[in-house]
Every structure is written in C-alpha cells, then in structure tokens.
Amino acid sequence: MRVDSARRRCEACGTRTRADWRSRRCVTTLAGCVGLSVQVRVCHREECLLKGVPLRAEGEGRWVLPEHEFGLDVLAFIGAQRYREHRSVPEIHALLRQKGVAVSERTCTNLLDRYDELVSLQLLDAGRLHATLKRQGRVVLAIDGLAPDIGHEVLWVVRECLSGQVLLARPLLAGGEQELVPLLAEVKRALGRVPLVGVVSDGQRSIRNAVAHALPGVPHQLCHFHYLREAARPLYEVDRHAKKELKKRVREVRKVERAVEGRDDASARATRAYAAAVRSALTDDHRPPLKPSGLLLRRRLGAIEKSLERVEKGGPASRKLSRLRAVLRKARRATASMWPALARAYRWVERTATLLQNEPGLDAAGVRRRLSALLAALVRWTRRRHRGLLRQALAHFLLETRRYWKGLFHCYDVSYRPRTDNALEHLFGTGRYHERRTSGRVRGSASLVVRGAVRLPAIAAAQLLPELDAALLAPGDLDDWRQLRAQLEARRVPRIMGRRFRDDPDGYLRGVEETLGPYLPT
C-alpha cells in the first residue's frame, strides 16, 4: 500500500521538498500482513535547519508507530481485551494466535504498554479536557495517593469528580506539602478559566495544607468515609479482638464436621449444612467503619444456635447437632461480657453516619447543629457509662471528629459536591483488581506506580471513552508520545538499580565507586 505525504514544503524554510525515496515496511495487522510503501521527502536547501532530515508521510502514523511492526489495530484489540474483558496477557496472546497474528507473550506485554501510553495521550489531551470541563461549567477535584510498595514512590492522582476525568497522575518520592503544592498549581493552570468549586480528599495533613496554600478560598470537603474509618478505628480493634476470642472457642465445630464424613443420611447432611454456615460466618470479614465483623459474627452464630434449638424442639435431634449447638452456646456464653458495651458504642458511630447522610436534606448549618448535639450527648453518656478501653475508643472518636470538623459540612451547601472521595478510591481498587486478575499478585506491583501515570488513565478510559479503534488510537503528535515514553523509561531506572543492588551488593557498590573514580581528587 502506497502512503504519500501531503506536505510538499519544508516546515522550517517553506522550500518545496524533494521526494527522494520510498521506505518499505511490513506491518502485522489483525487482517494479515500489510506492506507499506512510505514516501520520504527531504529538504535540500543549504541554509535550512531541516536540511537532509527525512520527512516521512504523515499517513504512516495511522497504521503503525515508529520502529514497530504491529499495527495500531492490534494495540487497540489488546487494550480492549485487557481493560474491557479483563483478560490476562496469556489469554490475549492465545486470542491473537487464533486470529493468525504471529506474536509472543512478551511482545503482547510491550504492546499493552504502548496502548496505555497512547490512551493516556488521548485522555489527558489539554484541548479535549478543557472542552469537556468548559461544557460542564465547574470542576470539583479529588486528590489521593496510591502506594503499593512501602518506602518507594507514591502515585498521586488528581481526578475531576463530576465527569470522572483523570486530570493528572504522577509518582512522587514523598507526599509532603512542598511536593503537592506544585501538583495542584499545575492542575489549576490546566483548568484555565473553568471555575474550581471544591476539593475532596481524606484528612491527611499534608493534603489539607497543600490545598489551603495552592487553592486559597476553595472549599475543601473531607471524606466522610475516611472520617468514620479513622474515628472508629479503636472500636474496630476492640471488635476484632472480641471476634478472635469467639473464633477460638468455635474451633470444635471442625471435629463435629469430621465425625459425619462419609455419611449420607439426613442428620449428616444437616450437620454439614450447619457447619458450612458456621464456617461462612467465621470467614466473612468486613471493612471498617460501619460493619463490625465481630458483632456480625456473634449475631449469625446466635441465629444458627436458635435454628438448632428449634430443630431439637421439633423432635429428637442427632447427637452431632446437639453437640454443635453446645459448642456454639458455650462459645457465646464465654464471650458474653465483651459484646453489650461494644454494641452500644457502635450505635453512636451508626447514628453519626446516619446523620451525615442527611436524609432530611438540611443545609450545612442544620447538619452541624445536629452533629454537635449528638456529640454532646455522647460525651455525657461516655462519662456516665464507660471506663477502660471503650472510653478511650470513644474519646478517640471525639478527637478525630474535632480534627475533621471544619471540612465535614461543605457538601451540604451545594448538591454537586460529593461527601466522599470513594470514586477515586474505586479507581485505585480497579487498578488493583486488574493487577490481581491479570498477574495473580495479591499486592499491587511496583509497575502500578512506575507506569501508573498512563495505566490509571487507560483503566478510566474503559468507562469514559468508547472502544478505541486504530484511527482513534493514533497519536496526534509523535513527539509527545516519545517524550512521554522517555519519562516512563526514566522512572524505571531506580527500580532497575535497586534490583541490581539486591542481586550483587558488592559488585553494585564497586561499579558506583569506579564511576566516581575520575572525579575524585587523587
């Protein structure tokens, strides 16, 4: 296929260029191999800055990236399978082989990286972002950091809450105020004249200081979910300890279950069914703050015990069922003193969460008055009823409430300002899910930070953009793509150096010393 250039004049001097030769390339596409004959033009003017520089036909970029042998339609197929169908690289490789595309698994991984870069260029394009946000008329930002590896970089992401657009994603060595202020200032410059009407984040002190410094006068809403989670953390720890003590005393259920192995009578089937219910209750852990797993386990074991009691009242029950009920009754009685005060303390957390949901639709002043009254009642109740760990836990709840207080009520002034930054947390969770689904890793890999600046926008694009084909995936400016790729490669260097040090510490240090040798005084 012939690809001719529409540019007839040099971009530097305006002189008419000469069609010197044709470059021939073989590009692998989903439909098969395509031979491209690309026209190359050269400016020969002596004074021109681009003299002798080959200018390739711009239509080549709609087929393939420079120095690549696979077409953009292959990249689009790989990206769609990864982020829309959640397939792993081996699965994508098998699908490509079924389509007759001769490619290795390693190449699939590399092409997926190229897809992330091209989608990131499309999604973070300044013109597209500004047009989208200008039609929207206002902007609410959410900012948070993702740190899969302790002690390494943190991927900081700024997302627009109303449209879901990722405005910026950048790994930083730290998350202090001095690092976040330039980040927010860059986003503010990119927004131009679009009004910034709010910021949503957790209660991290560095984020609060950076927002106050970089965005003065902008309402800063603190996430209600993070507030309740931090405030109720000591209560959650007490609940987890009580659950651990209860689980210790329910272990004899395994002996009851093993005793009916190999039997298929009705009593054995019922025993296995009850044992499965107990095991399910034991392994059902919930996240804080509003779902205490210990209290939930106690209620479920109580429901199972009552069901066994009803079975015994209906007629003679199996000895195994009676033993199972005895195990549950003994376990619940042994830990009975732990639960009543904990349940009453958790009701204050639930009442706080219900009040913050604001079902009556009150304004910020109304919600503030109701929460103040509730906290005053909590102080009086704590002084009168509680001592020890629970009193300390409720005191921590009040302390965290004071810390979050100024940022809890901005969301009630306008309807479009969210109460939480859970949408951004969900984006992080989606990234972790992709890592687990496609690589089998439980923890997030280092590449999620190293390449997170392009990977998270690619994940978000699955919901924000239609399925991309080769034409939509083609980069508008190859120099932007090369610059982005160079930045990503530079971020890999510290990881590579760290791996080399772990493999051979002495050799690595000797190499550093030899590098510095010519510059050291003799």
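Values in this document were obtained by computation on a predicted structure and should not be read as measured data. (Residues numbered from 1 in each chain as written. Predicted model: local features only at pLDDT ≥ 70, side-chain atom pairs only at ≥ 80, totals over all residues. Heavy atoms only, no water.)

> Could you give an account of the overall build of the protein, naming the residues involved and the relevant values?
When you go through the protein residue by residue, the secondary structure sums to 21 helices and 9 strands. In terms of overall size, the protein is more extended than a compact globule, its C-alpha atoms giving a radius of gyration of 31 Å where 522 residues would be expected to give roughly 24 Å. The C-alpha extent of the protein, read off along each of the three principal axes, is 100 × 65 × 65 Å. In the protein, of all internal contacts separated by at least 6 residues, the share reaching a separation of at least 24 is 68%. As displayed, the protein has an accessible area near 27,500 Å², and 51% of this comes from carbon and sulfur atoms. One finds the centroid of the 97 positive side-chain charges in the protein at a distance of 9 Å from the centroid of its 58 negative side-chain charges. (Helix = DSSP H or I, 4+ residues; strand = E, 2+ residues; numbered from the N terminus. Rg over C-alpha atoms; globule rule 2.2 N^0.38 Å. Contact = heavy atoms within 4.5 Å. Areas by Shrake-Rupley, 256 points an atom, 1.4 Å probe, with all protein chains shown as cover. Lys, Arg positive; Asp, Glu negative; His and termini not counted. Charge placed at Lys NZ, Arg CZ, Asp CG, Glu CD.)

> Tell me about the pattern of salt bridges, residues and numbers included.
On inspection of all chains with the given rule, the structure shows 17 salt bridges. Residue Arg482 is joined to Asp479 by a salt bridge in which the shortest nitrogen-to-oxygen separation is 3.5 Å. With a gap of 3 residues between them, Arg482 and Asp479 both fall in helix H20 (residues 478–503), about one helical turn apart. One continuous salt-bridge network, built from bridges that share partners, spans Asp113, Arg114, Asp116, Glu117, Arg451 and Arg455. (Salt bridge = Lys/Arg side-chain N within 4 Å of Asp/Glu carboxyl O.)

> Could you give an account of the packing of aromatic side chains, naming the residues involved and the relevant values?
Enumeration over the complete set of coordinates arrives at 6 aromatic pairs. Measuring from centroid to centroid gives 6.1 Å for Tyr83 and Tyr115, while their planes differ by 25°, and the two rings are stacked. Here Tyr83 is found in helix H1 (residues 72–83), whereas its partner Tyr115 is found in helix H3 (residues 105–123), with 32 residues between them in sequence. Residue classification places Tyr83 among the buried residues on the basis of a relative accessible area of 5%. (Phe/Tyr/Trp six-rings, centres within 6.5 Å; stacked < 30°, edge-to-face > 60°. Buried < 20%, exposed > 50% of the residue type's maximum accessible area, 1.4 Å probe, protein only.)

> Can you lay out unusual backbone geometry for me, pointing to particular residues and giving the numbers?
Even without a glycine there, the phi angle at Glu67 is positive, about 60°. At Asn358, a position not held by glycine, the phi torsion is positive, near 55°. Positionally, Asn358 belongs in the loop between helix H13 (339–357) and helix H14 (364–385).

> Explain the nonpolar core residue by residue, including any values.
Counting 54 residues, the largest nonpolar core has Tyr227, Leu235, Val250, Val278, Leu301, Leu371 and Leu378 as its most contacted members. Ignoring any residue separated from it by four or fewer positions in sequence, one finds Tyr227 in contact with Thr352, Leu356, Phe397, Glu400, Thr401, Tyr404 and Leu408. (Core = buried A, V, L, I, M, F, W, Y, C linked by side-chain atoms within 4.5 Å.)

> Which residues make up H1, and what values do they have?
Compared with the 16 Å implied by 1.5 Å per residue over 12 residues, the 16 Å span of H1 between its first and last C-alpha is a close match. Most of H1 sits out of view: 11 of its 12 residues are buried. Those residues of H1 that sit buried are Leu72, Val74, Leu75, Ala76, Phe77, Ile78, Gly79, Ala80, Gln81, Arg82 and Tyr83. (Expected span 1.5 Å × (residues − 1).)

> Give a detailed account of the pairing of strand S2 (residues 18–29), specifying residues and quantitative values.
As judged from the 11 bridges shared by S2 and strand S3 (residues 32–42), these two strands associate in the antiparallel manner. For Ala19, the partnering residue across the bridge sits in S3 and is Arg41. Following S2, the chain reverses through 2 residues before pairing antiparallel with S3. (Pairing = 2+ DSSP bridges.)

> Residues and numbers for the packing of helix H7 (residues 224–231) against H13, please.
Contact geometry of H7 with H13 gives a least axis separation of 11 Å together with a crossing angle of 170°. With respect to their mutual orientation, H7 and H13 come out roughly antiparallel. By crossing handedness, the relation of H7 to H13 is classed as right-handed. Contacts between H7 and H13 involve His224, Tyr227 and Leu228 on the former and, on the latter, Thr352, Ala353 and Leu356. When the residues that make up the contact of H7 with H13 are grouped by side-chain class, the tally is 4 nonpolar, 2 polar and no charged. (Axes fitted to C-alpha atoms, helices over the stretch in contact; angles between N-to-C directions. Parallel < 35°, antiparallel > 145°, perpendicular 65-115°, else oblique. Left-handed = near helix turned anticlockwise from the far one by under 90°. Nonpolar A, V, L, I, M, F, W, Y, C, P; charged D, E, K, R; others polar.)

> Report on the pairing of strand S8 (residues 196–201), specifying residues and quantitative values.
Extensive coverage of S8 is indicated by the burial of 5 of its 6 residues. Alignment of strand S5 (residues 139–146) against S8, held across 4 bridges, turns out to be parallel. The residue of S8 that forms the bridge with Val140 is Gly198. As paired strands, S8 and strand S9 (residues 220–222) are joined by 3 bridges and run parallel to one another.

> Account for the sheet that holds strand S6 (residues 154–160), with residues named and values stated.
Spatially, the 5 strands line up as an open sheet ordered S7-S6-S5-S8-S9, and their pairing is mixed. Of all strands in the sheet, those with a lone pairing partner are strand S7 (166–172) and S9, marking the two edges. Going across the sheet, the axis of each strand differs from the next one's by a mean of 20°, ignoring polarity. Where S5 lies against S6, 6 bridges are found, and the strand directions are antiparallel. Bridge pairing in S6 places Leu141 opposite Glu160.

> Pulling in residues and values, what's your account of H3?
One turn of the α-helix equals 3.6 residues, which is why residues spaced by three or four share an orientation. The end-to-end C-alpha distance of H3, which contains 19 residues, comes to 27 Å, matching closely the 27 Å that a straight helix rising 1.5 Å per residue would cover. Each element contacted by the buried residues of H3 is listed here: H1, helix H2 (89–98), helix H4 (126–136), helix H18 (452–464), helix H19 (470–473) and H20.

> Describe the environment of Arg82, with residues and values.
Within the element layout of this structure, Arg82 appears in helix H1. For Arg82, a relative accessible area of 10% corresponds to the buried category. With 24 residues separating them in the primary sequence, Arg82 and Arg106 have C-alpha atoms 15 Å apart.

> Describe a positive patch on the surface, naming the residues involved and giving the relevant values.
On the surface, a cluster of positive charge is made up of Lys247, Arg251, Arg254, Lys255, Arg258 and Arg323. The dominant element in the positive patch, judged by the number of residues it contributes, is helix H9 (residues 253–259), at 3 residues. Considering the arrangement of structural elements, one finds Arg251 in the loop between helix H8 (233–248) and H9. Judged by its relative accessible area of 51%, Arg251 falls in the exposed class. (Patch = residues over 30% accessible without salt bridge, like charges linked within 9 Å, V, L, I, M, F, W, Y side chains within 5 Å.)

> Now, about the side chain of Arg159: what can you tell me, with residues and values included?
Tracing the backbone shows Arg159 in strand S6. No salt bridge is formed by the buried Arg159; the nearest opposite charge belongs to Glu160, separated by 8.4 Å. A distance of 3.3 Å separates a polar atom in the side chain of Arg159 from the backbone oxygen of Gly164. In this structure, Arg159 is in contact with Val140, Leu141, Ala142, Gly164, Gln165, Val166, Leu167, Ala423, Leu424 and Leu427, ignoring residues within four places of it in sequence. (Polar contact = N/O pair within 3.5 Å; in protein donor to acceptor, adjacent residues only side chain to side chain.)

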